[in-house]
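Commentary on secondary and tertiary structure
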Amino acid sequence: MRNTSSLRYTHFTVREATTLLPFVEQVLHGISHSKAKAILAGGGIRVNQKNVKQFDLPLKPGDRVEISKQKPRGELTSKFVKLVYEDPQLVVIEKAPGILSMATSHHSFCVKRVLDDYFHRTRQKCQAHIVHRLDRETSGLLVYAKTMEAEQILEHNWHDIVTDRRYIALVSGQLEPAQGTVRSWLKDNKAYVTYSSPVDNGGKLAITHYRTLQTNGRHSLVELKLETGRKNQIRVHLQDLQHPVCGDSKYGNGDNPIGRLALHAFRLHFYHPITGELMQFETSIPKAFAAALKER
């Protein structure tokens, strides 16, 4: 079981009949629905001295509710994987650069393995099911299903379920125009290098919207919104614009001011596969990206 003995709780007394999740949202003064559910799913709530996770648990006047917004210690401690959100059906994590989303061989170290180890240690009878991927050197937000039902719904309805998916890239030079859309067909050659064609070449149509957030002329910070999610789409489309992602050894120009591929998945909005709730997650821009713009 999860160790919650070291957590600090705030105590509340129920005044009128309700259910647990609305009560938590009320006493925490407008906390988001997603955050309240994350506290509940993470073992941060006790009712009458018992740990509970039932969202719709009935409460009656006089019940004692204890809430901790601290994260239980020693659960997911990995320099490669940060747990952002968890409930019984899925997890959202922030991936560091340098780790695969899923193993390519039996012995490969990957996010799925880190999550499966975490589930085992916390005695959860589930496995991480991959829904979408990030390249090994790309950082940012990923969602993994914990049940086959959630995995199937996410996989088969991904385009409709995801409402906003955006990346931040540090690129070479200054884009002209500062914003626009790249539309092309992407196809792999025999060496598994993705190449782009402005006309249908039998590949897959890829559409990327971009806008420059900041530039110093030498480098630019660019926000990218995907209309499609093809392999290497952002990296190839920025190469098409002749402003490749910094640190891209495959599609770049050798410009590598921060010592890594400068691509980060910073926003992920999607409808929960089971509850239908809109889930909204966003991370900060990596400090190294902004630091590079201060250099002349």
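What you see is a predicted model, and the numbers here were worked out from it, not measured in a lab.

1. Remarks on helix α2 (residues 33-41)
Buried within α2 we find S34, A36, K37, I39, L40 and A41. On its buried side, α2 packs onto α1 (20-27), β3 (45-47), β6 (64-67), β7 (81-86) and β17 (278-282).

2. Considering the side chain of E277
Topologically, E277 is positioned in the loop between β16 (263-271) and β17. Residue E277 is classed as buried on the basis of its relative accessible area, which comes to 13%. In this structure, E277 is in contact with H33, S34, K37, F270, Y271 and H272, ignoring residues within four places of it in sequence.

3. Observations regarding the pattern of salt bridges
This structure, assessed with the given rule, holds 13 salt bridges. As a salt-bridge pair, E223 and R166 come within 2.7 Å of each other at their nearest N and O atoms. With a gap of 57 residues between them, E223 in strand β15 (residues 219-226) and R166 in strand β11 (residues 162-172) connect regions that are remote in the sequence. For E223, a relative accessible area of 7% gives the class buried. The partner of R211 in a salt bridge is E223, and the shortest N-O contact between them spans 3.2 Å. Of this pair, R211 sits in strand β14 (residues 204-215) while E223 sits in strand β15; the two residues are 12 residues apart in sequence, bridging distant segments of the chain. Beyond isolated ion pairs, a larger network of salt bridges with shared partners links D164, R166, R211, E223, R267 and E282.

4. Re the pairing of strand β12 (residues 179-188)
As judged from the 8 bridges shared by β12 and β14, these two strands associate in the antiparallel manner. The residue bridging G180 from the neighbouring strand is Y210, located in β14.

5. Brief notes about the confidence of the model for the protein
For the protein, per-residue confidence averages 89 on the pLDDT scale, and residues scoring 70 or more make up 94% of the total. Strand β4 (residues 50-51) is the least confidently modelled element of the protein, averaging 78 in pLDDT, while strand β10 (residues 139-145) averages 97, the highest of any element. Between residues 1-6, whose pLDDT stays under 50, and residues either more than four places distant or in other chains, the model counts 15 contacts.

6. A closer look at the packing of α1 against α2
Where α1 meets α2, the closest approach of the two axes is 10 Å, and the angle between their N-to-C directions is 115°. By the criterion of interaxial angle, the relationship of α1 to α2 is roughly perpendicular. Relative to α2, α1 is oriented so that their crossing is right-handed. Across the interface between the two elements, L20, L21, V24 and E25 of α1 pack against H33, A36, K37 and L40 of α2.

7. Details of the state of the cysteines
What the rule picks out here adds up to 0 disulfides. In this structure C110 is not part of a disulfide, and its nearest cysteine sulfur, from C126, lies 15 Å away. Its relative accessible area of 3% is what places C110 among the buried residues.

Criteria and thresholds
Residues numbered from 1 in each chain as written. Predicted model: local features only at pLDDT ≥ 70, side-chain atom pairs only at ≥ 80, totals over all residues. Heavy atoms only, no water. Buried < 20%, exposed > 50% of the residue type's maximum accessible area, 1.4 Å probe, protein only. Helix = DSSP H or I, 4+ residues; strand = E, 2+ residues; numbered from the N terminus. Contact = heavy atoms within 4.5 Å. Salt bridge = Lys/Arg side-chain N within 4 Å of Asp/Glu carboxyl O. Pairing = 2+ DSSP bridges. pLDDT = per-residue confidence, 0-100. Axes fitted to C-alpha atoms, helices over the stretch in contact; angles between N-to-C directions. Parallel < 35°, antiparallel > 145°, perpendicular 65-115°, else oblique. Left-handed = near helix turned anticlockwise from the far one by under 90°. Disulfide = S-S within 2.5 Å.

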